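Geometric and topological summary
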Amino acid sequence: MRTKLMNRNRLASLIAAAAMTIAVPAAALAQAACGNNGNGFDQWLAGFKQQAIAQGVSARTVAAALNGITYAPDIVGTDRGQKVFGQSFFQFSDRMVANYRIQQGRALIQKNQALFDHIEQQYGVPGAVLVAFWGLETDFGAFMGDKPSLRSIASLAWDCRRADVFRTQLMSALKIIDRGDLTPQTMRGPWAGELGQFQFLPDHYWNYGVDFDGDGRVDLIRSTPDALASAANYIKALGWRRGQPWLEEVRVPSNLPWEQTDLATKLPRSQWARFGVTRANGAPLPADSLPASVLLPMGRLGPAFLAYPNFDVFTEWNNSLTYATSAAYLATRVDGAPAYNRGQGKAIPVLSQAQVVELQRLLNARGHHVGRVDGIAGAATRQAVRVEQQRLGLPADSYPTPELLAALKAGR
């Protein structure tokens, strides 16, 4: 009885504390839209609590989740210092597409065949694709992160770099708690606030989470059926086409029209066959109309792939081409494909992140718009590289090389 009384008193105090936020003076709501440090964080958070209650989140949940939350400068610093996707495809995939992930992915499908079959029947997403994301995101649920998610998300929601994005995440996190799926204490993950075995942002958790084990909760942390089905539901929503391939290694001829090798260029397989593209073992491609792009993650001297429409789902999941290609390649390996051919036996130059920053600045100076100058050769940078390669009479394979950098530095 004493314990129940203490719990009721605690609940009453939480509701009262949340209700107090409703009475914040109007001046408190005129705080700056965002901040580059902790100054103003508490005032902004008080206003956000009012917004959450106005959107239907219970005062009890708001109090339990946000009372006592403090600004986390270490989280904001980590967000501004990401460098992992500055790695080349070789560097990233060699580390992440490890043999143990391939073997464990296959073993998990075999062990849980009925579950994977049920999910594929319902959502159309094969097990190899699911375990590829599962393995890369959390090593199949082994490493989901242990930072308090609400503190991380709230800090990033106040920081000016991506405030609107993370305010949406914070509101969704409160709704997840209010629905009874997780508690503030169990809502733990990596520094950016992702949750569960597939590292869903709270907004994705809220919108695509599935109670696949039928226990009345969407628990993407502790329920593997919920996590796998939710990932499949999200992948389906991103446009997955049932029964179609996603990535296939191919051989390309030395006289391929390199300017056609871009994810934005989708041609029928029959056209790639006419250009001399074959399957990796030299067999001819089917002369059909299935659209595909030629993907050269290390340029014309490295491995070559056909990226099918389903590959777009991988770039939607993570817009880093390095990550997306590695995830898609891991899925092919789990599905039985051999390791890719690393290229034509020649050393493939790799620009450092500092050199890519220099290249991006030079491209912008020539009138291109590469987005954030961050040393990561994303789609906009690669598109600008291709244009400059064509102008300079270089093979237009979209791959940034020292040769191109030297030409632009020389003012050519």
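Fair warning: this is a prediction, and the values are worked out from it, not measured in the lab.

Another aspect to go through is the side chain of T61. Counting through the fold element by element, T61 comes out in helix α3 (residues 59-66). With residues up to four places along the chain from it excluded, the contact list for T61 reads L174, I177 and D178.

In this structure, the second largest pocket occupies an estimated 390 Å³ of space. Forming the boundary of the second largest pocket are 18 residues, of which L247, E248, E249, T332 and A337 lie nearest the centre. Put simply, the parts of the chain that give the lining of the second largest pocket at least two residues each are β3 (247-251) and α15 (321-334). With three residues, the single largest contributor to the lining of the second largest pocket is β3. Partitioned by chemical class, the residues of the lining of the second largest pocket number 11 nonpolar, two polar and five charged.

Turning our attention to the pairing of strand β6 (residues 291-295). One face of the sheet, then the other: side chains in a regular strand alternate in exactly this way. Counting buried residues in β6 gives four out of five residues, a clear majority hidden from the surface. In terms of strand pairing, strand β4 (residues 267-268) meets β6 through two bridges, oriented antiparallel. Bridging from a neighbouring strand, L267 pairs with A292 of β6. With three bridges connecting them, β6 and strand β7 (residues 304-307) associate as antiparallel partners. Bridge pairing in β7 places S293 opposite A307.

Scanning all chains against the criterion turns up 16 salt bridges. Here R269 and D288 are joined by a salt bridge, their closest N and O atoms 2.6 Å apart. On the criterion of sequence distance, the pair formed by R269 in helix α13 (residues 269-274) and D288 in the loop between β5 (278-279) and β6 is long-range, its members being 19 residues apart. As a salt-bridge pair, R366 and E388 come within 3.1 Å of each other at their nearest N and O atoms.

Next up on the list: the packing of aromatic side chains. Applying the stated criterion across every chain, the model contains 25 aromatic pairs. Ring geometry for F89 versus F90: centroids 6.4 Å apart, planes at 35 degrees, classification tilted. Looking at F89, the relative accessible area reads 3%, which means it is buried. Between F200 and Y234, the aromatic rings sit 5.6 Å apart at their centres with planes inclined by 65 degrees, giving edge-to-face as the arrangement. With a gap of 34 residues between them, F200 in the loop between β2 (188-189) and α11 (202-208) and Y234 in helix α12 (residues 224-237) connect regions that are remote in the sequence. For the pair formed by F200 and Y234, the shared burial category is buried. Members of the aromatic cluster, connected to one another through ring pairs, are F133, W134, F140, F198, F200, Y208, Y234, W240, W246, F311, F314 and W317. Over the face of the ring belonging to F90 we find R342, whose NZ or CZ atom lies 4.0 Å from the ring centre.

In this section: the sheet that holds β5. On the basis of which strands lie adjacent, the open sheet formed by five strands has the order β4-β6-β7-β3-β5 and antiparallel pairing. This sheet does not close on itself; its edge strands, each paired only once, are β4 and β5.

Attention now moves to the pairing of β7. Here β7 shows a buried face lined by A304 and L306 and a second buried face lined by F305 and A307. Where β3 and β7 come together, four bridges link them in antiparallel fashion. From the neighbouring strand, V250 faces β7, where its bridge partner is A304.

Take helix α9 (residues 149-158) next. For α9, the tally of buried residues reaches nine of 10 residues, placing the bulk of the element in the interior. Regarding α9, the residues found buried are S149, L150, S152, I153, A154, S155, L156, A157 and W158.

This part is about α15. With 14 residues, α15 extends 20 Å between its outermost C-alpha atoms, agreeing within 8% with the 20 Å of an ideal straight helix rising 1.5 Å per residue. Burial analysis of α15 places 14 of its 14 residues in the buried class, the great majority of the element. Looking one or two places after α15, you find G336, whose phi comes out positive at around 115 degrees.

Before going further, it helps to spend a moment on the packing of helix α8 (residues 127-138) against α12. For the pair α8 and α12, the least separation of the axes is 10 Å and the interaxial angle reads 110 degrees. In terms of their interaxial angle, α8 and α12 are classed as roughly perpendicular. From α8, V129, L130, F133 and W134 reach across to α12, where they touch T224, L228, A231, A232 and I235. A class-by-class count of the residues in the contact of α8 with α12 yields eight nonpolar, one polar and no charged.

Parameters and conventions
- Residues numbered from 1 in each chain as written.
- Predicted model: local features only at pLDDT ≥ 70, side-chain atom pairs only at ≥ 80, totals over all residues.
- Heavy atoms only, no water.
- Helix = DSSP H or I, 4+ residues; strand = E, 2+ residues; numbered from the N terminus.
- Contact = heavy atoms within 4.5 Å.
- 1 Å grid on protein atoms, 1.4 Å probe; cavity = no way out; pocket = protein on both sides within 12 Å on 5 of 7 lines; lining within 4 Å.
- Points joined across faces, edges and corners; volume = space filled by probe spheres on them.
- Nonpolar A, V, L, I, M, F, W, Y, C, P; charged D, E, K, R; others polar.
- Buried < 20%, exposed > 50% of the residue type's maximum accessible area, 1.4 Å probe, protein only.
- Pairing = 2+ DSSP bridges.
- Salt bridge = Lys/Arg side-chain N within 4 Å of Asp/Glu carboxyl O.
- Phe/Tyr/Trp six-rings, centres within 6.5 Å; stacked < 30°, edge-to-face > 60°.
- Lys NZ or Arg CZ within 6 Å of the ring centre and 35° of its normal.
- Expected span 1.5 Å × (residues − 1).
- Axes fitted to C-alpha atoms, helices over the stretch in contact; angles between N-to-C directions.
- Parallel < 35°, antiparallel > 145°, perpendicular 65-115°, else oblique.

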